[in-house]
Amino acid sequence: MRTIRKYIILLFTGILGIITFSCSDFLDTTSGSQLTDNEIYQNEGDIYRAILNIYAQISEEKLYGRTIPLIYSFNTDIEFGTCNATTDNTRRGIWDYSATDNNEELVSWDYIYKAINTANECIAGIESSPLLEQNPADTPSMIRQLYGEAKGLRAMLYLDLVRAWGDVPFKMTPTMPDDNFYQGVTSRTEILETLINDLVAVEPGMLYASEMSQSVERMNRGAVQGLIARIALTLGGYTLMPDYANPSFPGTIERVENYIDYYEIANTYCRKLRDSRKHTLANTDFLQVFKNQCEEVYPSNEDMLFEIPYATTYSGSVGVIIGHKIEGSSHIAYGKSDGWYYATLPYHASFDYKDTRRDVTCAPYKWAWNDEKGYIEQVFTEWRSIYIGKWSRMWMKTPQGPNVQYSSGINWPVIRYADVLLMLAETENELHNGPTDDARDALKEVRRRAFKTEDHARKVDAYVDALDDKDAFFEALVNERAWEFGGEGIRKYDLIRWNLLQKKIQEMKVKLAEMKNNSAYPQSVYVKTNNDGTLEILNFDNSLSNAPSGYTKKAWASATTDNNGVLNTTFVKSYKDEYIDATPMVYILPLHKDVITDSRGALQNYYGH
């Protein structure tokens, strides 16, 4: 078991422990291990152990163990979790954009600031250490890697704060007893600019994943290069801004005037990673990227750049609430998986039928025990239950046991090389008012993995070469990023920065209503169970009019609406018109009411919350 995972286990079993705190403490936190004591920062081993405390904290359920990647980033046009008919102060209120200031999921605010403070302590400690000055900032070394690692984790935390809440309190130093604990907000522009400059300064001294033993389970140079690009495109994209003079106003969608400058930054760092040749998509197929995570295999030079490390049975919700659904049974050794998340039917239909990513991402079945046959098998599910199929507890090295529902330890992917390639393509297209050779090559590299070799001439080369202007290439990238990253918590923030979140969700709902009795879409599919318990499903390409021998007919697009054309009510609950059709659509989360109260007037809610 890897060092980081061992450290997480120690934390969760109480050997280190995390100090409990209330909503009022988000800026008033102290480290349980007193990480700012100067004696800790005299050698690289102790500094590394101090930084492991950041990893242990971010794996918490209220941070990257569940809430940030799997609650805050849904629902979109391609993926969703089901909601209730009325406002719900749980995860469902986040998903349907109806969250109130009493929503229980908002308490992640406290956990984020505690982790940020731990990072601030590590950074301050390293800056006080003589080791830092002994190693040049522009030359890779272990101390410079550790310094950049802490700053990279802090930047990741602040980026997710900004994406969830917009303007937030911003603090880059450890909390001290005489600090002002009632700090107002800083503009997101200033925050993101500061983070970019911070990472640009430390990136040259860091190590690539292939140069470290823990590889992609640690924040590394390639991940920081990708993170710089992600932050820059967030800053250069559209955002919902509050009206500080009128808190009841929902705000306005705006973009900074110099947005092109940030596309330049993103382009520079995407190009830097590509030119390093440290990563490639050529060595593995799409499915294996995610099976590797389940199997605890961490290639240091392939697609994955950085993933949140978890400890089996102690942290991580991947495979538990997202991934293949597995019914509970005393006969199933893999454990139980609830499968909260689904792909929308228009998303499933949008894939080219030869795109191998579709059947990896979209799983229209669940696993259940068949008493009569005496083994586990796939059971077909309806169009509303197309599970996200990128992860499965059945792929884990060691089954966790019948009916087990606790943490899987399967890591969460934060950033992949495919993301960097597509950001490179996007920035090239924007900066040059149309696709360049670099843009085309980057898009082709991503698509090349998605299709079999015999399909490359038509589905990769001809497809990309036909995109001959800026708008067509951009639209292709909007689609490509959907096909590549479905279920990975990326789509929502892509759509926000493009100012397409509302439009794409509305278009998806319209398309879904039009699919029934539309000859362009398969109204039925044909299903057969193989001897090994897996399913064969035919007609997603809409080429068959009747069920072949041995196959059973199942309703597909024909079941999306009733006879009056009204969408299925269960699905509609997840996309309520009241919030989806608002002008503007409010996606910024409210601050929890206790945060407002305990800030003593420094903070308040906007956007009509």
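On a predicted model such as this, the values are computed, not experimentally measured, just so you know. (Residues numbered from 1 in each chain as written. Predicted model: local features only at pLDDT ≥ 70, side-chain atom pairs only at ≥ 80, totals over all residues. Heavy atoms only, no water.)

Colleague: An account of the overall build of the protein is requested, with residue identities and associated values reported.
Modeller: Helix and strand counts for the protein come out as 22 helices and 13 strands. A compact globule built from 609 residues would reach a C-alpha radius of gyration of about 25 Å, and the protein, at 24 Å, matches this within 12%. Dimensions of the protein along its principal axes, counting C-alpha atoms only, are 75 × 55 × 50 Å. Across the 609 residues in the protein, those meeting the buried criterion constitute 60%. A fraction of 73% describes how many contacts in the protein between residues 6 or more apart in sequence connect residues 24 or more apart. Element-wise, carbon and sulfur atoms account for 46% of the exposed surface of the protein, whose accessible area totals about 22500 Å². (Helix = DSSP H or I, 4+ residues; strand = E, 2+ residues; numbered from the N terminus. Rg over C-alpha atoms; globule rule 2.2 N^0.38 Å. Buried < 20%, exposed > 50% of the residue type's maximum accessible area, 1.4 Å probe, protein only. Contact = heavy atoms within 4.5 Å. Areas by Shrake-Rupley, 256 points an atom, 1.4 Å probe, with all protein chains shown as cover.)

Colleague: Give me empty space enclosed by the protein: which residues, what numbers.
Modeller: Inspection of every chain in the model, using the stated rule, returns 6 cavities of 30 Å³ or more. Computed from the structure, the largest cavity encloses a volume of approximately 320 Å³. Along its surface, the largest cavity is lined by 26 residues, and D160, R163, R230, V414 and G489 are the ones closest to its centre. Within the residue set of the lining of the largest cavity, elements represented by two or more residues are α3 (67–70), α7 (142–165), α9 (221–236), β10 (412–416), α14 (417–431) and α18 (491–497). Here the element with the most residues in the lining of the largest cavity is α7; it accounts for 5 residues. Reported here for the second largest cavity is a volume of approximately 90 Å³. (1 Å grid on protein atoms, 1.4 Å probe; cavity = no way out; pocket = protein on both sides within 12 Å on 5 of 7 lines; lining within 4 Å. Points joined across faces, edges and corners; volume = space filled by probe spheres on them.)

Colleague: Break down the layout of surface pockets for me, with residues and values.
Modeller: Here the largest pocket defines a volume of roughly 500 Å³. Around the largest pocket, the lining is made up of 24 residues, and of these D359, V360, C362, Y365 and L535 lie nearest the centre. Mapped onto the lining of the largest pocket, the elements with two or more residues apiece are α11 (286–295), α13 (357–361), β7 (365–370) and β12 (535–538). Class assignment for the residues of the lining of the largest pocket results in 14 nonpolar, 6 polar and 4 charged. (Nonpolar A, V, L, I, M, F, W, Y, C, P; charged D, E, K, R; others polar.)

Colleague: Tell me about the pattern of salt bridges, residues and numbers included.
Modeller: Inspection of the entire model under this criterion finds 48 salt bridges. Between D438 and R274 there is a salt bridge whose closest N-O contact spans 3.2 Å. With D438 in helix α15 (residues 437–450) and R274 in helix α10 (residues 259–276), the pair connects residues that are 164 residues apart, well separated along the chain. By relative accessible area, R274 is classed as buried at 14%. (Salt bridge = Lys/Arg side-chain N within 4 Å of Asp/Glu carboxyl O.)

Colleague: Just give me the short version of helix α5 (residues 108–127), but keep the residues and values in it.
Modeller: Taking 1.5 Å per residue, 20 residues should reach 28 Å; α5 reaches 28 Å between its end C-alpha atoms and fits that length. Among the 20 residues in α5, 17 count as buried, and that is most of the element. (Expected span 1.5 Å × (residues − 1).)

Colleague: Explain the packing of aromatic side chains to me, and be specific about the residues and the numbers.
Modeller: Taken as a whole, this structure holds 25 aromatic pairs when the rule is applied. Ring centres 5.6 Å apart and planes at 85° place the aromatic pair Y72 and W165 in the edge-to-face group. With Y72 in the loop between α3 and β1 (79–81) and W165 in helix α7, the pair connects residues that are 93 residues apart, well separated along the chain. When its relative accessible area of 3% is taken as the criterion, Y72 is described as buried. Look at F571 and Y575: their rings are 5.2 Å apart centre to centre, the planes differ by 35°, and that puts the pair in the tilted class. For the pair formed by F571 and Y575, the shared burial category is buried. By way of ring pairs, the aromatic residues F80, Y342, W383, Y387, F571 and Y575 are connected into one cluster. Across the ring face of Y493, the terminal group of R163 is positioned such that the distance to the ring centre comes to 4.0 Å. (Phe/Tyr/Trp six-rings, centres within 6.5 Å; stacked < 30°, edge-to-face > 60°. Lys NZ or Arg CZ within 6 Å of the ring centre and 35° of its normal.)

Colleague: Quick one: what's the story with the confidence of the model for the protein, residue by residue and with numbers?
Modeller: For the protein, per-residue confidence averages 93 on the pLDDT scale, and residues scoring 70 or more make up 94% of the total. The low-confidence segment residues 14–36, where pLDDT is below 50, has 58 contacts with residues more than four positions distant or belonging to other chains. (pLDDT = per-residue confidence, 0-100.)

Colleague: Describe the sheet that holds β1, with residues and values.
Modeller: Taken in spatial order, the 4 strands make up an open sheet running β1-β5-β9-β6, and their pairing is antiparallel. Each of the sheet's edge strands pairs with one partner strand only, and the pair in question is β1 and β6 (362–363). Alignment of β6 against strand β9 (residues 386–388), held across 2 bridges, turns out to be antiparallel. Paired with A363 across the two strands is Y387, which belongs to β9. (Pairing = 2+ DSSP bridges.)

Colleague: Kindly report on the sheet that holds strand β11 (residues 524–529), identifying the contributing residues and their values.
Modeller: Across the sheet, which stays open at both edges, the 3 strands sit in the order β12-β11-β13 with antiparallel pairing between neighbours. Each edge of the open sheet carries a strand with a single partner, namely β12 and β13 (552–555). Averaged over all pairs of adjacent strands, the angle between their axes in this sheet comes to 35°, without regard to strand direction. As paired strands, β11 and β13 are joined by 4 bridges and run antiparallel to one another. Within β13, the residue paired with V525 across the bridge is K554. (Axes fitted to C-alpha atoms, helices over the stretch in contact; angles between N-to-C directions.)

Colleague: Outline the packing of α14 against helix α17 (residues 470–485), supporting the account with residue identities and numerical values.
Modeller: Packing of α14 against α17 brings their axes to within 10 Å, and their N-to-C directions diverge by 165°. Of the possible angle classes, the one that applies to α14 and α17 is roughly antiparallel. Crossing of α14 against α17: the hand is left-handed. For the pair α14 and α17, the contacting residues are A418, D419, L422, M423, A425, E426, N429 and E430 in the first and K470, F473, F474, L477, E480, R481, E484 and F485 in the second. Across the contact of α14 with α17, the residue classes tally to 8 nonpolar, 1 polar and 7 charged. (Parallel < 35°, antiparallel > 145°, perpendicular 65-115°, else oblique. Left-handed = near helix turned anticlockwise from the far one by under 90°.)

Colleague: Any details on the nonpolar core? Residues and values, ideally.
Modeller: The biggest cluster of nonpolar side chains holds 176 residues, and the ones touching the most others in it are I58, M156, W165, F306 and Y341. Of the residues forming this core, the biggest block, 14 residues, is contributed by α7. With residues near it in sequence (within four places) discarded, F306 still touches Y55, L153, M156, V216, E217, R218, M219, A223, P413, V414 and I415. (Core = buried A, V, L, I, M, F, W, Y, C linked by side-chain atoms within 4.5 Å.)

Colleague: How would you sum up the pairing of β11? Please name residues and give values.
Modeller: Pairing of β11 with β12, which is carried by 4 bridges, proceeds in the antiparallel orientation. By the bridge assignment, K528 is partnered in β12 with E536.

Colleague: Can you explain unusual backbone geometry? Please cite residues and give values.
Modeller: Most peptide bonds take the trans form, and the phi angle of most residues other than glycine is negative. The omega angle of the peptide bond from F74 to N75 is 5°, so this bond is cis rather than trans. Tracing the backbone shows N75 in the loop between α3 and β1. A positive phi angle, close to 40°, is found at S215, a residue other than glycine. In this fold, S215 is placed in the loop between α8 (188–202) and α9. For S215, a relative accessible area of 3% gives the class buried.

Colleague: For α7, give the residues involved together with the corresponding values.
Modeller: Taking 1.5 Å of rise per residue, the 24 residues of α7 would be expected to cover 34 Å, and the 34 Å separating its terminal C-alpha atoms lies within 8% of that figure. Phi turns positive one or two residues past the end of α7, at G166, with a value near 80°.

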